[in-house]
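Survey of secondary and tertiary structure
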Amino acid sequence: MLRNPLPDMVKMVEGILKYKSIPDRWKVRFQLHLDPVAGKKFVDMRGLLEARLLALNDGPLARDWIKTRKEEFLMADISTYDKGLLDRLLP
């Protein structure tokens, strides 16, 4: 039972809920990346998933940080598709 992925997921979510501040390792992951072919910035799905997991923490610091990052991303030169993803998937 300990090697089952479900208990690992529960432990991860419990850890996220205990955060009093955003760890630096999480801040680095949720940022815009540059597509070298198109020359435009894009939202990495892994970072978007991380932000959604972090949104489980209902503390004001997490909520405010996600809201600020989302606003920064929406003002950046990213595709309409990426802007739609941010609007739909982040609270």
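In what follows, the structure referred to is the one given above.
Residues numbered from 1 in each chain as written. Predicted model: local features only at pLDDT ≥ 70, side-chain atom pairs only at ≥ 80, totals over all residues. Heavy atoms only, no water.

Moving on: the pairing of strand 1 (residues 32-35). Inspection of the sheet shows strand 1 paired to strand 2 (residues 40-43) by four bridges, in the antiparallel sense. Note on strand 2: the bridge partner recorded for L34 is K41. Hairpin connection of strand 1 to strand 2: four residues between the antiparallel strands, including G39 at a positive phi of 75°. (Pairing = 2+ DSSP bridges. Helix = DSSP H or I, 4+ residues; strand = E, 2+ residues; numbered from the N terminus.)

Glancing now at the packing of helix 3 (residues 45-54) against helix 5 (residues 80-89). Relative orientation and spacing of two packed helices are given, respectively, by the angle between their axes and the distance between those axes. For the pair helix 3 and helix 5, the least separation of the axes is 11 Å and the interaxial angle reads 15°. Compared by their axis directions, helix 3 and helix 5 come out roughly parallel. Regarding helix 3 and helix 5, the two cross each other, and that crossing is right-handed. Within the contact between the two elements, helix 3 uses M45, L48 and R52 and helix 5 uses L85, L86 and L89. In terms of residue class, the contact of helix 3 with helix 5 is built from five nonpolar, no polar and one charged. (Axes fitted to C-alpha atoms, helices over the stretch in contact; angles between N-to-C directions. Parallel < 35°, antiparallel > 145°, perpendicular 65-115°, else oblique. Left-handed = near helix turned anticlockwise from the far one by under 90°. Contact = heavy atoms within 4.5 Å. Nonpolar A, V, L, I, M, F, W, Y, C, P; charged D, E, K, R; others polar.)

As a further point, take a nonpolar patch on the surface. Taken together, the side chains of L6, M9, V10 and M12 define a hydrophobic patch exposed on the protein surface, amounting to about 360 Å² of accessible area. Residue placement: V10 occurs in helix 1 (residues 5-17). (Patch = residues over 30% accessible without salt bridge, like charges linked within 9 Å, V, L, I, M, F, W, Y side chains within 5 Å. Areas by Shrake-Rupley, 256 points an atom, 1.4 Å probe, with all protein chains shown as cover. Salt bridge = Lys/Arg side-chain N within 4 Å of Asp/Glu carboxyl O.)

Right, let's get into the packing of aromatic side chains. Counted by the stated rule, this structure contains three aromatic pairs. With a centroid separation of 5.9 Å and 75° between ring planes, the pair formed by Y19 and W26 is classed as edge-to-face. On the basis of an interplanar angle of 55° and a centroid distance of 6.1 Å, the ring pair of F30 and W65 is categorised as tilted. One end of the pair, F30, is in the loop between helix 2 (24-29) and strand 1; the other, W65, is in helix 4 (residues 60-75), with 35 residues separating them in the sequence. Accessibility classification places F30 together with W65 in one group, the buried group. Here a set of aromatic residues connected by ring pairs shows up, and it is made of F30, W65 and F73. Lying across the ring of W26, R29 places its NZ or CZ 5.7 Å from the centre. (Phe/Tyr/Trp six-rings, centres within 6.5 Å; stacked < 30°, edge-to-face > 60°. Buried < 20%, exposed > 50% of the residue type's maximum accessible area, 1.4 Å probe, protein only. Lys NZ or Arg CZ within 6 Å of the ring centre and 35° of its normal.)

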